[in-house]
Amino acid sequence: MLGGRALAPPTAGMCETCTIRHSAICGALKIEEVSALNALARRRALSAGETYIMEGDAALDFGIVSNGVAKLVRGAEDGRAQIVGLLFQSDFLGSTLGEEDGAVEPNTIEAVTDLELCLFSRDRFQSLMHRFPSLETRLLRRAFDELRFAREWMVLLGRKTAEERVASFLLHVARRVQSRGCHPQESFEIPLGRAEIADFVGLTIETVSRQMTRLRKDEIVVFEGTRQIVSIDRARLTERAGF
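Given the structure is predicted, the values throughout are model-derived calculations rather than measurements. (Residues numbered from 1 in each chain as written. Predicted model: local features only at pLDDT ≥ 70, side-chain atom pairs only at ≥ 80, totals over all residues. Heavy atoms only, no water.)

A.B. asks: Run through the overall build of the chain, naming residues and quoting values.
C.D. replies: Scanning the chain from N- to C-terminus turns up seven helices and twelve strands. In summary, the chain has a C-alpha radius of gyration of 19 Å against a globular reference of 18 Å for 243 residues, a match within 12%. Expressed as lengths along the three principal axes of its C-alpha atoms, the size of the chain is roughly 55 × 40 × 30 Å. Counting across all 243 residues of the chain, residues that qualify as buried make up 44%. In the chain, the proportion of contacts linking residues at least 24 apart, taken out of those at least 6 apart, comes to 73%. By element, 52% of the accessible surface of the chain is carried by carbon and sulfur atoms, the whole surface being about 12,600 Å². Taken together, the 32 basic and 34 acidic charged side chains of the chain have centroids lying 4 Å from each other. (Helix = DSSP H or I, 4+ residues; strand = E, 2+ residues; numbered from the N terminus. Rg over C-alpha atoms; globule rule 2.2 N^0.38 Å. Buried < 20%, exposed > 50% of the residue type's maximum accessible area, 1.4 Å probe, protein only. Contact = heavy atoms within 4.5 Å. Areas by Shrake-Rupley, 256 points an atom, 1.4 Å probe, with all protein chains shown as cover. Lys, Arg positive; Asp, Glu negative; His and termini not counted. Charge placed at Lys NZ, Arg CZ, Asp CG, Glu CD.)

A.B. asks: Residues and numbers for the sheet that holds strand E7 (residues 92-93), please.
C.D. replies: Strand order in this open sheet of five strands is E1-E2-E9-E4-E7, and the pairing throughout is antiparallel. Of all the strands in the sheet, the pair left with one neighbour each is strand E1 (5-6) and E7. Looking at chain direction, E1 and strand E2 (residues 42-46) are connected through two bridges and run antiparallel. Within E2, the position partnered with Arg 5 by the bridge is Ala 45. (Pairing = 2+ DSSP bridges.)

A.B. asks: I'd like to hear about the pattern of salt bridges, residue by residue, with values.
C.D. replies: Under the defined criterion, the tally for this structure stands at ten salt bridges. A salt bridge links Glu 196 to Lys 71; the nearest nitrogen and oxygen atoms lie 2.7 Å apart. Highlighted residues: Glu 196 in helix H5 (residues 194-201) and Lys 71 in strand E5 (residues 70-75), separated in sequence by 125 residues. On the accessibility criterion, Lys 71 (9% relative accessible area) is buried. A salt bridge links Arg 240 to Asp 218; the shortest N-O distance between them is 2.8 Å. Of this pair, Arg 240 sits in helix H7 (residues 234-240) while Asp 218 sits in the loop between helix H6 (205-217) and strand E11 (221-224); the two residues are 22 residues apart in sequence, bridging distant segments of the chain. For Asp 218, a relative accessible area of 28% translates into the label partly exposed. Linked through salt bridges whose partners overlap, the residues forming this network are Lys 71, Glu 110 and Glu 196. (Salt bridge = Lys/Arg side-chain N within 4 Å of Asp/Glu carboxyl O.)

A.B. asks: Describe the packing of aromatic side chains, and please don't skip the residues or the numbers.
C.D. replies: Applying the stated criterion to the full structure yields five aromatic pairs. Pairing Phe 62 with Phe 92 gives two aromatic rings, centres 5.4 Å apart and planes at 35°, and the pair type is tilted. Here Phe 92 lies in strand E7 and Phe 62 lies in strand E4 (residues 61-67), a separation of 30 residues in the sequence. Given the relative accessible area of 10%, Phe 92 is considered buried. Pairing Phe 120 with Phe 125 gives two aromatic rings, centres 5.5 Å apart and planes at 40°, and the pair type is tilted. With respect to burial, Phe 120 and Phe 125 carry one shared label: buried. Through a chain of ring-to-ring contacts, three or more aromatic side chains come together here, namely Phe 62, Phe 92, Phe 120 and Phe 125. (Phe/Tyr/Trp six-rings, centres within 6.5 Å; stacked < 30°, edge-to-face > 60°.)

A.B. asks: Can you explain helix H2 (residues 122-131)? Please cite residues and give values.
C.D. replies: Within the sequence span of H2, burial applies to Arg 122, Phe 125, Gln 126, Leu 128 and Met 129. The arc that holds every buried residue of H2, seen down its axis, measures 155°, which confines them to one face. H2 presents His 130 and Arg 131 as exposed residues on the side facing more than 90 degrees away from its buried surface. Buried positions along H2 lie against helix H1 (34-40), E4, E7, strand E9 (115-121) and helix H3 (133-159). (Arc of directions from axis to C-beta.)

A.B. asks: An account of the side chain of Ser 66 is needed here, citing residue identities and associated values.
C.D. replies: Here Ser 66 lies in strand E4. Judged by its relative accessible area of 17%, Ser 66 is buried. Sequence-distant contacts of Ser 66, that is, excluding residues within four places in its chain, are made with Ile 20, Gln 89, Glu 116, Leu 117 and Cys 118.

Printed below as a string of structure tokens:
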């Protein structure tokens, strides 16, 4: 069962004027094709901390994050949970395309911040991809990007030092903010708390805090409070990340 609350469905022309359309997969559609997507869309809102779908639930929908940040959580056999990814504005969510009916969601998807989603019925969205191959091409490109990131993160968890892991995380968040059209030096908020960052990068909370403090003292990252980043020395942070 999906969490959150339904919002009013998109009105005619809403997709055409959507501020994130060109950075989302629907940016592959021509303006005259967008109305077909508009007709399929449903909108859903979740509060921070609310779960959209649980790991193992039937995956009946695809979606796009229209506002906010979500985290992907995978459970372990011993009961622990591991954050395996973050979804930012314009990201696509849903289980793998091409699976047979009865596909299940491999991760729990939880709102990190207040979250708004555009949802599309799985069957109807796949039909739309057959009509508009450019949509499928854009989605395939996104899938390759996610695979590349997953491989990079495997290296981070397996070989990088604590300093490199925390620096890599901050670079990842900064790049995703930039990909939404924000200037890389503009202020932005880290979406995760220290405990969640520790879970994501495979460190303890104390180690994450020490590394954040070191970056602050070295003036590589300028913080306002514990989460708000005012500016980043991207070249030095990239060096600290081991790239």
